[in-house]
Amino acid sequence: MEAYLDNSATTVCSERAAEKMMEALRINFGNPSSLHMKGVYAERYLRVSRAAVAKTLRCREDEIIFTSGGTESNNLAIFGTVRKRKRMGKHVITTPIEHASVANPFSYLESMGYEVTYLPVDKDGIIDLHALSEAVRADTVLVSIMHVNNEIGAVEPIEEAAGIIHSKNPDTYFHVDAIQSYGKFRIYPDETGIDLMSVSGHKIHGPKGSGFLFRRKGVLIDPIILGGGQEGGMRSGTENVPAIAGLGAAAVDMYKDIDGVRKNLFSLKERFVKEILETKGCHINGKYDETSAPQIISVSFDDVRAEVMLHALEDRGVYVSSGSACSSNRPAVSRTLKAIGVDKKYLDSTVRFSLSPYNTEEEIDYAVKCVRELLPILGKFKRH
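Quantities reported herein were computed from a predicted structural model and do not represent experimental measurements. One numbering rule holds for all chains: residues counted from 1, following each sequence as written. For this predicted model, a pLDDT threshold of at least 70 governs which residues receive local features, and a threshold of 80 or more governs which side-chain atom pairs are given and counted, while totals over whole chains, interfaces and linings are taken from all residues. Side-chain measures were taken over the full set of non-hydrogen atoms in the model, leaving aside hydrogen atoms and water.

Chemist: Mind showing me how you'd approach empty space enclosed by the protein here?
Modeler: The probe, sized like a water molecule, is rolled over the atoms to show the empty space still left. Computed over the protein atoms alone on a 1 Å grid, cavities are sets of points where a 1.4 Å probe fits but cannot get out and pockets are open sets with protein on both sides within 12 Å along at least five of seven lines; a residue lines them when it has an atom within 4 Å of a point. Grid points are joined across faces, edges and corners, and a volume is the space filled by probe spheres set on the points. Scanning all chains against the criterion turns up one cavity of 30 Å³ or more. What the largest cavity holds in volume is close to 50 Å³. Contributing to the lining of the largest cavity are N7, S8, T11, Q180, K184, K203, H205, M254, Q295, L355, S356 and P357. Class assignment of the residues belonging to the lining of the largest cavity gives a composition of three nonpolar, seven polar and two charged. Residues are sorted three ways: Asp, Glu, Lys and Arg are charged, Ala, Val, Leu, Ile, Met, Phe, Trp, Tyr, Cys and Pro are nonpolar, and all the rest, Gly among them, are polar.

Next comes the structure, spelled out in C-alpha cells:
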C-alpha cells in the first residue's frame, strides 16, 4: 500500500488540470501574443484562467499576475515593492517563520542596508499583534506575513494584521504568502486589506511552474523581469499557457466545494492526530484543532532522527517531509521550530505529514500503523 502524505511539498496534478494542459500543449499551442487564430486560442486559456482565479478571490481580473510559482510571486512582491518605494524608506517587517522564498529575500535586503523587524511568535507560531502595531513606522514600506505556516500549519490573523498595518501607516504595503492556504481557505484580499498575495499552482493539484501574484488595484510595484511587457508589463516573457490553463482548472476544482474540501481534510487530520497522540514517543507541534490549517501536522519523535523516520516510512510506501521541501535535501535546523521554542532534542527529529482531498482514511490508518511499528525499532539506533 502507498500513502502520499507530502502534499505541502507538491500535489498530484488533477485529471482536469492535466487535460487542459495537454490541450494547450498539443492543440492550441500558439503564442498568446500572436495575432493569428492559434494565438487567439492560446490567449483564451489565459483569459479563462484569470477569470477563474479572480472569481475564487472575489477580485478584479486585472489584479492577477501569472508567474512561474510561489517563489517568483514572493520575490516580485518583495523586490517589486522596495524598488518602487525606495524613497519612502528602508524599513520592512516579517516573521521568523517564513518560507525560504520570503526569508532569503529579506536577508538579502538586510545585506543591502534595509532594517528588518522580525515579529515574535508564540509556542503555536502565531504572531504578536501588539508587536506588529509597535513595529509599523512612517518609513515602513512593506510587511510580509505568511497566512499558513508550511511546517506546523499555524494560521496567522491576517485580517487583524491588515487592519493594524493600514491604521498605523496607510502607505505601507501588506504582502501575504498564501501558498499553503489558497485552496483550503476562503481568501478575499480586497475585502481583507491585503495588497499583495502569492499563490502556487502545484500545491492545489495544478502543475509545477504555475502561480500568480494578486496585486490590489492601485498598488504600484516595479517588475523584476523585463522584456516584452506581458502580464500588464509586470511579468515579461511568453506566458506558460499550459501551466496557466492547468492552474485555472485546479483552482475551479478546489473552490467548487471548498467547504467539502475543508471538512474532508479536517476529518482526516482529526483521525491522524487522535492516533498519533495515543502513540508513545510522538509529540505534535503547534495547534491541531480547527484553528489550525486542515492539511498540515508536525510530529516530533523521541530518539529518532527525522531523516531516519522519513526513509523508513518511504520503504513502506509512506511519503512525508522532514520540513520545507525547498530545504529538505539540504538538512538544516528549522527556523520555525526554533522560533516556537521546540526542545533542541526535537529539532532534527520532526516530520511533517500533509494531506490532500485525494487521501483516504485507509491511508491515514496505514501511516499511523507504520509509525507505531517503526518507533521501537528505530529507537534502538538512537545517538548517544
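Chemist: Looking at this model, I keep getting lost on the sheet that holds strand β12 (residues 350–354). Mind explaining?
Modeler: The pairing of strands in a sheet comes from backbone hydrogen bonds and takes either a parallel or an antiparallel form. For two strands to be treated as a pair, DSSP must find no fewer than two bridges joining them. Counting from the N terminus, the helices are the DSSP runs of H or I reaching at least four residues and the strands are the DSSP runs of E reaching at least two. Read from one edge to the other, the open sheet built from three strands follows the order β9-β10-β12, with strand pairing classed as antiparallel. Each edge of the open sheet carries a strand with a single partner, namely β9 (282–285) and β12. Between one strand axis and the next, the sheet turns by 35° as a mean value, whatever way the strands run. Two strands pair when backbone bridges link them, and strand β10 (residues 296–301) and β12 are joined in this way by five bridges, in the antiparallel orientation. From the neighbouring strand, S300 faces β12, where its bridge partner is T350. By definition, residues are in contact when any of their heavy atoms lie within 4.5 Å. Axis definition: a line fitted to C-alpha atoms, limited for helices to the stretch in contact. Angles are taken between N-to-C directions and run from 0 to 180 degrees. In the packing of helix α9 (residues 258–277) onto the sheet, the strands contacted are β9, β10 and β12, and the crossing angle to β10 comes to about 10°.

Chemist: Explain the sheet that holds strand β4 (residues 115–118) here, please?
Modeler: Reading across from one edge, β2-β8-β7-β6-β5-β3-β4 is the order of the seven strands in this open sheet, with mixed pairing throughout. Since the sheet does not close on itself, it has two edges, and those belong to β2 (64–67) and β4, each with one partner. Taken pair by pair, the neighbouring strands of this sheet meet at an average axis angle of 20°, ignoring direction. For β2 and strand β8 (residues 211–215), the ladder comprises four bridges, and the chain directions are antiparallel. Note that in β8 the partner of I65 across the bridge is L213. Seen against the sheet, helix α6 (residues 158–168) touches β5 (140–146) and β6 (173–177) and runs at an angle of roughly 160° to β6.

Chemist: Would you mind going over the pattern of salt bridges with me for this structure?
Modeler: Two side chains bearing opposite charge may form a pair once their charged atoms approach each other closely. Whenever a carboxyl oxygen of Asp or Glu lies within 4 Å of a side-chain nitrogen of Lys or Arg, that contact is scored as a salt bridge. Enumeration according to the criterion identifies 22 salt bridges in this entry. Among the salt bridges present, the one from E231 reaches R50, with a minimum N-O distance of 2.8 Å. A residue pair is termed long-range when its members are at least 10 positions apart, and E231 in the loop between β8 and α8 (241–255) and R50 in helix α2 (residues 37–57) qualify at 181 residues. Taken as a pair, E231 and R50 share a single burial class, namely buried. Between D124 and K123 there is a salt bridge; the shortest N-O distance is 3.4 Å. Here the residues in one salt-bridge network are K274, E275, E278 and R372, joined through shared partners. Three exposure classes are used, based on accessible area relative to the maximum for each residue type with a 1.4 Å probe and protein chains only: buried under 20%, partly exposed in between, and exposed over 50%.

Chemist: Honestly, helix α4 (residues 100–111) in this entry has me stumped. Any pointers?
Modeler: Residues that lie three or four places apart on an α-helix share one face, since the helix turns once every 3.6 residues. Multiplying one less than the number of residues by 1.5 Å gives the expected span of a helix. For α4, with twelve residues, the first-to-last C-alpha span of 16 Å sits near the 16 Å given by 1.5 Å per residue. Those residues of α4 lying buried are S101, V102, A103, P105, F106 and L109. Residues of α4 that are buried make contact with α3 (70–84), β3 (91–94), β4, β5, β6 and α11 (335–339). Positive backbone phi, approximately 100°, marks G113, located one or two places after α4.

Chemist: Hey, could you run me through the pairing of strand β7 (residues 196–200) in this one?
Modeler: Both faces of the sheet carry side chains from a regular strand, because those side chains alternate between them. For β7, the tally of buried residues reaches five of five residues, placing the bulk of the element in the interior. The alternating pattern of β7 places L196, S198 and S200 on one face and M197 and V199 on the opposite face, and all of these are buried. Where β6 and β7 come together, three bridges link them in parallel fashion. Across the sheet, residue V176 finds its bridge partner in β7, namely M197.

Chemist: Which parts of the structure should I look at to understand the nonpolar core?
Modeler: Side-chain atoms within 4.5 Å are what join buried Ala, Val, Leu, Ile, Met, Phe, Trp, Tyr and Cys residues into a set we call a nonpolar core. If you look at the biggest cluster of nonpolar residues, it comprises 94 residues, and the most contacted ones within it are L57, L132, F174, F301 and F353. Excluding anything up to four places from it in sequence, L57 contacts I64, Y182, I187, Y188, P189, M197, F212 and F214. Of all hydrophobic cores here, the second largest spans 20 residues; its members include F106, Y173, L196 and M234.

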